[in-house]
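# Remarks on the overall topology
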Amino acid sequence: MAHAATDPRLASLADDAIVWASQHGLVVGLGAPPASAPACALVHAPLSVLPVAFPEARFEQAVGCMQLFSGLVDAVARDEDYLEQTLAQAAAFDDFTARLLSLLRDSRPARRAAAAAGREVVLGIHRSDYMLDGPSGGFLQVELNTIASSFACLSTLTGRMHRHLIGRAAGASDAARAAAEALAARLPVNKAMEEIAAAMAAAVEAAGGGVVLMVVQPGERNAYDQQWLQQTLWAAHGVRTVRLTLAQVGTRCEVEGGGGGGELRIRGEGGSKPQRVGLVYFRAGYAPGDYPSEAEWAARLLIERSAAAKCPTAAYQLAGSKKIQQALAALGAVERFVGEEGGAALRGLFAGLWSLDDPSAPETAAVIAEAIASPERFVLKPQREGGGNNLYGEELVARLRQGGPGLGAFILMQRILPPPQRSVLLRNGAWAEEESLSELGIYGTFLRKGEEVLLNRNAGHLVRTKTSTSNEGGVAAGFAVLDSPLLA
Ligand code: ADP
Ligand code: MG
Ligand code: MG
């Protein structure tokens, strides 16, 4: 419900937010541009006008676990037998998972050759997402993203905008200004933009130099979040970025020597010299739609077989799948990778997660029956990323009733129920005060060359807030807005 006319103070703050965002690059491409709009037309990012209260202890807990999670991803990714076994049933019924496993297998000899030559460099840019669970008072992980973890830069800017708006909203008296300063001090500093660009630059250096090849989707609306990384890479590290789609990688890139484990190069155009690629950074390749033909898969394999650093590798991408998240929650599983102490720190963050590999197994049949009876307490998740793919309510019931071994391509998850709050959500120049829910994301960077871990750092945070009636929470998918935590 928009009520711009009813609250002049909010209306004025919303106006300030639009102006600040537009003048500081807190922007996204136009979603559905009118025919008259130029291709470069943009609009302020979807935003929450004011930051949202978030418990400081939970924020610190999430930050405190990030390095462990990054280490976990690396350990799981290195156990390729575990990946293959755990994902076998999902792959049998989900072609996308099967293709990623083929990528892992088909690139293995080349990857081994590169590793033997001391040229294995992997970069993780992860984002672990959480929500508070109202009924239990707990704090639970939604998922861990290992590919195309986005919004780090726009989130950094959102924090700066909120700092500015808190000051603007305050009265002019000394007391009011002191109160505003105290409030702004509760916004944790967010260095996601700087941290992630620094990790990318470190990966380029570890790989022996070159450009960053950013693999992007054609017509990406969130390109400005990506462009901030490019700008920071150049300004702070002198590293250049080349943006190519997977289709363009197929026509413009080659691996030295043609075989496996060689240098990745972008061929020169119009007489210019070829460019050596230091790091391939994927902001595409996480969804089946990113591979409209075999050419895109061939391009992905070309990259995977090269000696360039990758963020992520196929193994990292698979380690971030929903199925692996579920498998790690099984008794003893996460402990196997991070030890008892690490497991103790992480396990408390795991929501209820159930495998559907064998729907007729008694404990699986029991939880399926429970979910059919009370669908509001569960989420059914396929092996997908990018928002908008999960099943809730009637759709969840229908898929579970249909049954069959194809359920192995899904996992069942406890529905987390964050306490509702009020937020002023600003989209496309219009604002509305709504009942909302928030999701906290913590970024982590991890860089390994051969056996040496060169980086494992906390790398900032993100809060996304959505209308409480919406099931999904993606900003890019149009469900949520960018927010900041106001620690309390
Ligand atoms: P994706 O990889 O597509 O982002 P997610 O697992 O993050 O998939 O799910 C998308 C959104 O759905 C989340 O941002 C969150 O808003 C909602 N969601 C996912 N899992 C749960 C859950 N267990 N309980 C409540 N909401 C959830
Ligand atoms: Mg995800
Ligand atoms: Mg998500």
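Residues numbered from 1 in each chain as written. Chains lettered and ligands numbered in written order. Predicted model: local features only at pLDDT ≥ 70, side-chain atom pairs only at ≥ 80, totals over all residues.

The protein appears in an unreviewed UniProt entry as Glutathione synthetase from Raphidocelis subcapitata. Looking at the Catalytic activity (unreviewed entry) heading of the UniProt record, one finds this comment for the protein: "gamma-L-glutamyl-L-cysteine + glycine + ATP = glutathione + ADP + phosphate + H(+)". According to its UniProt record, the protein has this under Pathway (unreviewed entry): "Sulfur metabolism; glutathione biosynthesis; glutathione from L-cysteine and L-glutamate: step 2/2." (UniProt positions renumbered as here; feature names shortened; annotations may be inferred.)

### Some points on the overall build of the protein
Within the protein, the secondary structure is distributed over 16 helices and 20 strands. Here the protein has a C-alpha radius of gyration of 23 Å; the compact-globule value for 488 residues is 23 Å, and the two agree. Dimensions of the protein, computed from C-alpha atoms along their principal axes, come out at roughly 70 × 65 × 50 Å. Taking the intrachain contacts of the protein between residues at least 6 apart in sequence as the baseline, contacts between residues at least 24 apart amount to 75%. (Helix = DSSP H or I, 4+ residues; strand = E, 2+ residues; numbered from the N terminus. Rg over C-alpha atoms; globule rule 2.2 N^0.38 Å. Contact = placed C-beta atoms within 7 Å.)

### Some details on the site of ligand 1
If you check the shell around ligand 1, you find 20 residues, and the closest are Glu-143, Glu-385, Arg-415, Ile-416 and Gly-473. Among the secondary structure elements, those contributing two or more residues to the shell around ligand 1 are strand 6 (138-145), strand 14 (378-382) and strand 15 (410-414). Classifying every residue of the shell around ligand 1 by side-chain character gives 5 nonpolar, 7 polar and 8 charged. (Near = placed C-beta within 6 Å. Nonpolar A, V, L, I, M, F, W, Y, C, P; charged D, E, K, R; others polar.)

### Let's talk about the environment of Ile-416
Within the secondary structure layout, Ile-416 lies in the loop between strand 15 and strand 16 (421-427). As for Ile-416 and Glu-376, which are separated by 40 residues in sequence, their C-alpha atoms are 9.9 Å apart. Among residues more than four places away in sequence, those in contact with Ile-416 are Met-131, Asp-133, Leu-140, Val-142 and Ala-351.

### Notes on the confidence of the model for the protein
Looking at the protein as a whole, its pLDDT mean stands at 95, while 98% of the residues score no less than 70. Note on residues 1-5: pLDDT is under 50 here. Beyond four places in sequence and across chains, it has 6 contacts. Scoring the predicted complex yields pTM 0.97 and, for the interface, ipTM 1.00. (pLDDT = per-residue confidence, 0-100.)

### A short note on the packing of helix 4 (residues 95-106) against helix 11 (residues 294-304)
Across the interface, helix 4 lies against helix 11 with an axial gap of 10 Å and an inter-helix angle of 40°. Handedness of the crossing formed by helix 4 with helix 11: right-handed. Between helix 4, through Arg-99, Leu-103 and Asp-106, and helix 11, the contact on the second element is made entirely by Trp-297, Arg-300, Leu-301 and Glu-304. When the residues that make up the contact of helix 4 with helix 11 are grouped by side-chain class, the tally is 3 nonpolar, no polar and 4 charged. (Axes fitted to C-alpha atoms, helices over the stretch in contact; angles between N-to-C directions. Left-handed = near helix turned anticlockwise from the far one by under 90°.)

### Here we look at the sheet that holds strand 15
Taken in spatial order, the 3 strands of this open sheet run 13-15-14, and their pairing is antiparallel. Whereas interior strands pair on both sides, the edge strands pair on one side only; in this sheet they are strand 13 (353-355) and strand 14. The sheet shows a mean angle of 25° between the axes of neighbouring strands, direction not considered. As defined by bridge partners, strand 13 adjoins strand 15 across 3 bridges and the pair is classed as antiparallel. Residue Leu-353 lies in a different strand from strand 15, and its bridge partner there is Met-413. (Pairing = 2+ DSSP bridges.)

### Digging into the pairing of strand 8 (residues 241-244)
Both strand 7 (residues 211-215) and strand 8 contribute to a ladder of 4 bridges, which runs parallel. Considered in strand 8, the bridge of Val-212 is made with Thr-241. For the crossover from strand 7 across helix 9 (residues 223-237) to strand 8, the handedness is right-handed. (Right-handed = clockwise from strand over helix to strand, strands pointing away.)

### Let's talk about the UniProt feature "binding site: Mg(2+)" (unreviewed entry) in the protein
Annotation from UniProt places "binding site: Mg(2+)" (unreviewed entry) at Glu-143, Asn-145 and Glu-385. The greatest C-alpha distance among the residues just named is 10.1 Å, despite their covering 243 residues of sequence, which places them together in space. Examined against the element boundaries, Glu-143 turns out to sit in strand 6. The class for Glu-143 is partly exposed, based on 19 C-beta atoms found within 10 Å. By secondary structure assignment, the location of Asn-145 is in strand 6. (Buried ≥ 20, exposed ≤ 12 C-beta atoms within 10 Å, placed from the backbone.)

### Quick look at the pairing of strand 11 (residues 275-282)
Within a regular strand, the side chains alternate between the two sheet faces. Among the 8 residues in strand 11, 6 count as buried, and that is most of the element. Bridging between strand 10 (residues 264-266) and strand 11 involves 2 bridges; their strand directions are antiparallel. The partner of Ile-266 across the bridge, within strand 11, is Gln-275. Relative to strand 12 (residues 309-311), strand 11 runs parallel, the two being bridged by 3 bridges. Its bridge partner being in strand 12, Tyr-281 is matched across the sheet by Cys-311.

### Things to note about the packing of helix 6 (residues 152-169) against helix 7 (residues 174-184)
Helix-helix packing is characterised by the crossing angle of the two axes and by the distance between the axes. Two elements in contact, helix 6 and helix 7, have axes separated by 9 Å at closest approach and are oriented at 160°. With respect to helix 7, the element helix 6 is oriented roughly antiparallel. Note that helix 6 runs across helix 7; the crossing there is right-handed. Of helix 7, the residues touching helix 6 (which contributes Arg-163, Ile-166 and Gly-167) are Ala-180, Leu-183 and Ala-184. Looking at side-chain class alone, the contact of helix 6 with helix 7 contains 4 nonpolar, 1 polar and 1 charged residues. (Parallel < 35°, antiparallel > 145°, perpendicular 65-115°, else oblique.)

### What to know about the environment of Leu-407
With respect to the helices and strands, the residue Leu-407 is situated in the loop between helix 16 (393-402) and strand 15. For Leu-407 and Phe-350, which are 57 residues apart along the polypeptide, the C-alpha to C-alpha distance reads 21 Å. Apart from the residues within four sequence positions on either side, Leu-407 is in contact with Leu-356 and Pro-359.

### Re helix 5 (residues 108-116)
Those residues of helix 5 lying buried are Ala-110, Arg-111 and Ala-114. For helix 5, the angular spread of the buried residues around the axis is 100°, confining them to a single face. (Arc of directions from axis to C-beta.)

### Focus on the nonpolar core
Counting residues in each nonpolar core, the largest one holds 143 residues, and the members touching the most others are Ile-196, Met-200, Ala-203 and Leu-279. The greatest single-element share of this core, amounting to 11 residues, is contributed by helix 8 (residues 192-206). Those residues in contact with Ile-196, other than ones at most four positions away along the chain, are Ile-125, Ala-152, Leu-229, Tyr-443, Thr-445 and Ala-459. (Core = buried A, V, L, I, M, F, W, Y, C linked by C-beta atoms within 7 Å.)

### Brief notes about unusual backbone geometry
Going from Cys-311 to Pro-312, the amide bond is cis rather than trans, its omega being 0°. Here Pro-312 lies in the loop between strand 12 and helix 12 (314-319). Despite not being glycine, Ala-148 shows a phi value in the positive range, around 55°. Counting through the fold element by element, Ala-148 comes out in the loop between strand 6 and helix 6. On the neighbour-count criterion, Ala-148 (26 C-beta atoms within 10 Å) is buried. Backbone geometry at Asn-428 places phi at a positive 50°, although glycine is not the residue there. Within the secondary structure, Asn-428 is located in the loop between strand 16 and strand 17 (430-449). Residue Asn-428 is classed as partly exposed on the basis of its 13 C-beta neighbours within 10 Å.

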